[in-house]
Amino acid sequence: MDGDVGVGVDVCVVGAGPVGLTLAIGLRRLGLRVRIVDRAPAAKREARALVLWARAREALDALGVGEVLRRHGVELDSVTIHARDRFLGELTTGWALSAHARPLNIEQHDIERLLCEELARLGTRVEWNTELTDVHLREDRAEFTLRHADGTEEFATAPWIVGCEGTAGVVRERLGIPFEGRRRTGLQVVQGNARPTWPLGERPGRGHIFLAPHRSLLVFPLPGGGFRFFCFRDDPDPALTAAPTVGELRDLVADTTRIPGLRLETTEPLWLNRARFSDRVAARLRHGRGLLAGDAAHAWAPVGGHGMNVGILGAHNLAWKLAAVHRGQAGETLLDTYCHEQRRMAVRYIREMRFNFMELPLPPLGHRAFTATVPGALARRGFQRRLDLRLSDLRRGHRGSALSWHRPAPHRRSGPRAGDRMPDVRVTAGAGPVARRLHTLLAYERWTLVLHAARAEPGVLDALRATCARFPVPVRILPVAPRDAVEAGRLPHPADLCLVRPDGYVGLVAPLTRPALLHDYLAALAPTGPRAIRSTRKPWRSLRSWKPRSSWKPWRSRKPREPQKPWEPWAPQKPWQVREARKPWRPWAPRKPWRSRKPQGPWEPRASRKSQEPRASRKSREPRGPRKSRQTHPRHGH
């Protein structure tokens, strides 16, 4: 079928999972026309991912679906940790300063269903039973072929195409992007949903972790009742691929927990799964008009439960950048920053996952050593706070990105750095006395320039407005006043301005007295010009104007630089450091002539000790003369 269904579409999203739906919602909110297709007959009704951490919840809340997800999930407030039948401690959540500080347990199929409803409310419906078979990229568009349920084929075009269809992605394969990594050996995950009969109860919001040699069991509550059982264990039989039975899952849980009389009652619908995973990251996430997101870009074992969260954050990062490039507000190099930031985040998770001893199965010696340190660590509030912030993803940022320019005034280290997440502190804005969270004042449709209200003088505001008006990027100037001194310490210094990206990360920190830095930053975002953003190690320079740094500095020498001579062995690099030519090395010759008082004669081989005359013995020596008497002091008499 050579139809015109794709005419008038700005972006084609392939894959209707949580990542693809998040990307489509973000693009629709920014005014782009989106077409989303999936080869599945409908949304999958099976248990997969379960946890939404704090940063992913903030991203979904910025797209307008945070509250509806919260109503259909259950917040996790504490997790008890056991070593078989021995209680080690309890980990509490909610330490972060965020409106979504606690992790949210919600089934992935419920997330997809709610996101599909939100996308339909925005005017776009998922085209199920539509499979992508081929992709060809042109200079200004992407051409692709779709196969429908009745077997007919459709040839369509769109300015952009994004592959979110999973690890076996057609977009990545057709673009020729390698999926680098390897299969993880010695690890399998046996999981299922069930209602246990045990003395721990079923209090909502409380999870459990049981540690044992060669296995780790995670038990988290489900919104509709019951628990999800994750068992990370060794892989004695890699050829076994069949789904586990209820008896196998019960035996694993009983052997790990050591709870007598344990019984498991399966939930409806019945779901049991055995999975093995690979740790892989795409070599690049963009090729011309084609991009990758979600599992098509990176995939790893579900240790830590951050796979879906990283994909959602990537879609949240990509949507506003793709919309800005398509509208002509920024150059295409802005999309390269998405590739750099998202790929770097995925590689960090894979590296850190190797040290997650709480979930990875350990040998008996490692298990005893680790469980011996857990009670003391959980007894410290500082450790619990750091661990909760690490799991929440709130402290992960993009400091190494080309969009992060940190240029504060000298000797001012307070507040967030460029690339960090903007803190969600309580502030007052405008004439209203009511304190509000700062994230409620930010918007996904524009950049936000945050500065202290005490320094927001009319002249300063006029200069900032004039600078922002020269560029197509929408920027809102937001003077705020912190609620108290503690909240003020989490904001940038009063003498600095802070430009916040649409996804909530800090892009620029600069003094108010230097509006030229704001001008240069916005000029770097411009679609044309010599100062376009580039993903280089020097984020304030562009790739066209950047040159490798050399040790020679022209302002230190008035003479023209001489061409460098080729390197010669044993030749001094700096001739003024050596006053005479270097002599060839001679054995047994003094290296420093000033240590020898006699003039140096021609070199002769040293005689051996056997050829020398024997030394005189102590008895054959001549006797010494009489010892002089000790003279007395004329004054003291001794």
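Residues numbered from 1 in each chain as written. Predicted model: local features only at pLDDT ≥ 70, side-chain atom pairs only at ≥ 80, totals over all residues. Heavy atoms only, no water.

1. Some thoughts on the overall build of the protein chain
Thinking step 1. Each helix and strand counted, the protein chain has 13 helices and 29 strands in total.
Thinking step 2. Sequence-distant contacts, at least 24 apart, represent 72% of the contacts inside the protein chain between residues at least 6 apart.
Thinking step 3. Accessible surface, the protein chain: about 35,100 Å² in total, of which carbon and sulfur atoms supply 51%. (Helix = DSSP H or I, 4+ residues; strand = E, 2+ residues; numbered from the N terminus. Contact = heavy atoms within 4.5 Å. Areas by Shrake-Rupley, 256 points an atom, 1.4 Å probe, with all protein chains shown as cover.)

2. Re the sheet that holds strand β8 (residues 131–137)
Thinking step 1. Read from one edge to the other, the open sheet built from three strands follows the order β8-β9-β10, with strand pairing classed as antiparallel. Across the chains shown, the open sheet's two edge strands, defined by having one partner strand only, are β8 and β10 (153–158). Neighbour-to-neighbour, the strand axes of this sheet turn through a mean angle of 20°, independent of strand direction.
Thinking step 2. Relative to strand β9 (residues 142–147), β8 is paired through six bridges, and the arrangement is antiparallel. Bridging from a neighbouring strand, Asp-134 pairs with Thr-145 of β9. (Pairing = 2+ DSSP bridges. Axes fitted to C-alpha atoms, helices over the stretch in contact; angles between N-to-C directions.)

3. A few points about helix α6 (residues 246–257)
Thinking step 1. Here α6 contains twelve residues, and its C-alpha end-to-end distance of 16 Å stays within 8% of the 16 Å for a straight helix at 1.5 Å per residue.
Thinking step 2. Among all positions in α6, only Leu-249, Leu-252, Val-253, Thr-256 and Thr-257 are buried. The buried residues of α6 occupy one face: seen down the axis, they fall within an arc of 110°.
Thinking step 3. The positive-phi residue at the C-terminal boundary of α6 is Arg-258, with phi of around 60°. (Expected span 1.5 Å × (residues − 1). Buried < 20%, exposed > 50% of the residue type's maximum accessible area, 1.4 Å probe, protein only. Arc of directions from axis to C-beta.)

4. Side note on the side chain of Gln-342
Thinking step 1. Turning to its location among the elements, Gln-342 is positioned in helix α8 (residues 333–353).
Thinking step 2. Gln-342 sits in the buried class, given a relative accessible area of 2%.
Thinking step 3. A polar atom in the side chain of Gln-342 sits 3.0 Å from the backbone oxygen of Val-310.
Thinking step 4. The residues touching Gln-342, leaving out its near neighbours within four places in the chain, are Leu-285, His-298, Val-310, Leu-313 and Gly-314. (Polar contact = N/O pair within 3.5 Å; in protein donor to acceptor, adjacent residues only side chain to side chain.)

5. Looking at the pattern of salt bridges
Thinking step 1. Considering all chains together, one arrives at 43 salt bridges under this definition.
Thinking step 2. Residues Glu-90 and Arg-206 are paired through a salt bridge, measuring 3.5 Å at the closest nitrogen-oxygen approach. Of this pair, Glu-90 sits in strand β6 (residues 86–92) while Arg-206 sits in strand β14 (residues 206–212), and the two are 116 residues apart along the sequence.
Thinking step 3. Take Glu-90: its relative accessible area is 29%, and that puts it in the partly exposed class.
Thinking step 4. By relative accessible area, which is 24% here, Arg-206 ends up partly exposed.
Thinking step 5. Put simply, Arg-276 and Asp-235 hold a salt bridge, and the shortest N to O gap is 2.7 Å. Of this pair, Arg-276 sits in the loop between β18 (272–275) and β19 (278–282) while Asp-235 sits in the loop between β16 (227–233) and α6, and the two are 41 residues apart along the sequence. Asp-235 shares its class with Arg-276; the two are buried.
Thinking step 6. A single salt-bridge network, built from bridges that share partners, covers Arg-138, Asp-140, Arg-141 and Glu-143. (Salt bridge = Lys/Arg side-chain N within 4 Å of Asp/Glu carboxyl O.)

6. What to know about the confidence of the model for the protein chain
Thinking step 1. With 80% of its residues at a pLDDT of at least 70, the protein chain reaches an overall mean of 84.
Thinking step 2. Across the protein chain, strand β1 (residues 11–14) holds the top mean pLDDT of 98, while strand β17 (residues 263–266) sits lowest at 88.
Thinking step 3. Every residue in residues 534–559 scores below 50 in pLDDT, and together they form 27 contacts with partners more than four places removed in sequence or on other chains.
Thinking step 4. Counting contacts from residues 566–581, a segment whose pLDDT is below 50, to residues more than four positions away or on other chains yields two contacts. (pLDDT = per-residue confidence, 0-100.)

7. Points about the environment of Thr-528
Thinking step 1. Along the chain, Thr-528 turns up in the segment after α13 (515–525).
Thinking step 2. Taking C-alpha positions, Thr-528 is 6.5 Å from Gly-331, a pair spaced 197 residues apart along the chain.

8. Topic: the sheet that holds strand β22 (residues 298–299)
Strand pairs in the sheet, formed through backbone hydrogen bonds, run parallel or antiparallel to each other.
Thinking step 1. Reading across the sheet, the three strands line up as β12-β19-β22 and stay open at both edges, with antiparallel pairing between neighbours. The open sheet terminates on both sides in strands that have one partner only, identified here as β12 (179–183) and β22.
Thinking step 2. Across two bridges, the pairing between β19 and β22 is antiparallel. If you follow Val-281 over to β22, its bridge partner there is His-298.
Thinking step 3. Strands β12, β19 and β22 of the sheet are contacted by α8, whose axis makes an angle of about 160° with β19.

9. Here's the deal with the packing of aromatic side chains
Thinking step 1. One pass over the structure, following the stated rule, counts eight aromatic pairs.
Thinking step 2. Judged by centre distance (5.9 Å) and plane angle (10°), the rings of Trp-300 and Tyr-349 are stacked. Of the two residues, Trp-300 sits in the loop between β22 and α7 (307–327) while Tyr-349 sits in helix α8, which places them 49 residues apart along the sequence.
Thinking step 3. Plain terms: the ring middles of Trp-447 and Tyr-521 are 6.0 Å apart, the flat faces sit at 75° to each other, and that makes the pair edge-to-face. Of this pair, Trp-447 sits in strand β26 (residues 447–452) while Tyr-521 sits in helix α13, and the two are 74 residues apart along the sequence. Each member of the pair Trp-447 and Tyr-521 is classed as buried.
Thinking step 4. Aromatic ring contacts, followed pair by pair, group Trp-198, Phe-210, Phe-227 and Phe-229 into a single cluster.
Thinking step 5. In this structure, Arg-172 is placed above the aromatic ring of Phe-179, and the distance from its NZ or CZ to the ring centre is 4.0 Å. (Phe/Tyr/Trp six-rings, centres within 6.5 Å; stacked < 30°, edge-to-face > 60°. Lys NZ or Arg CZ within 6 Å of the ring centre and 35° of its normal.)

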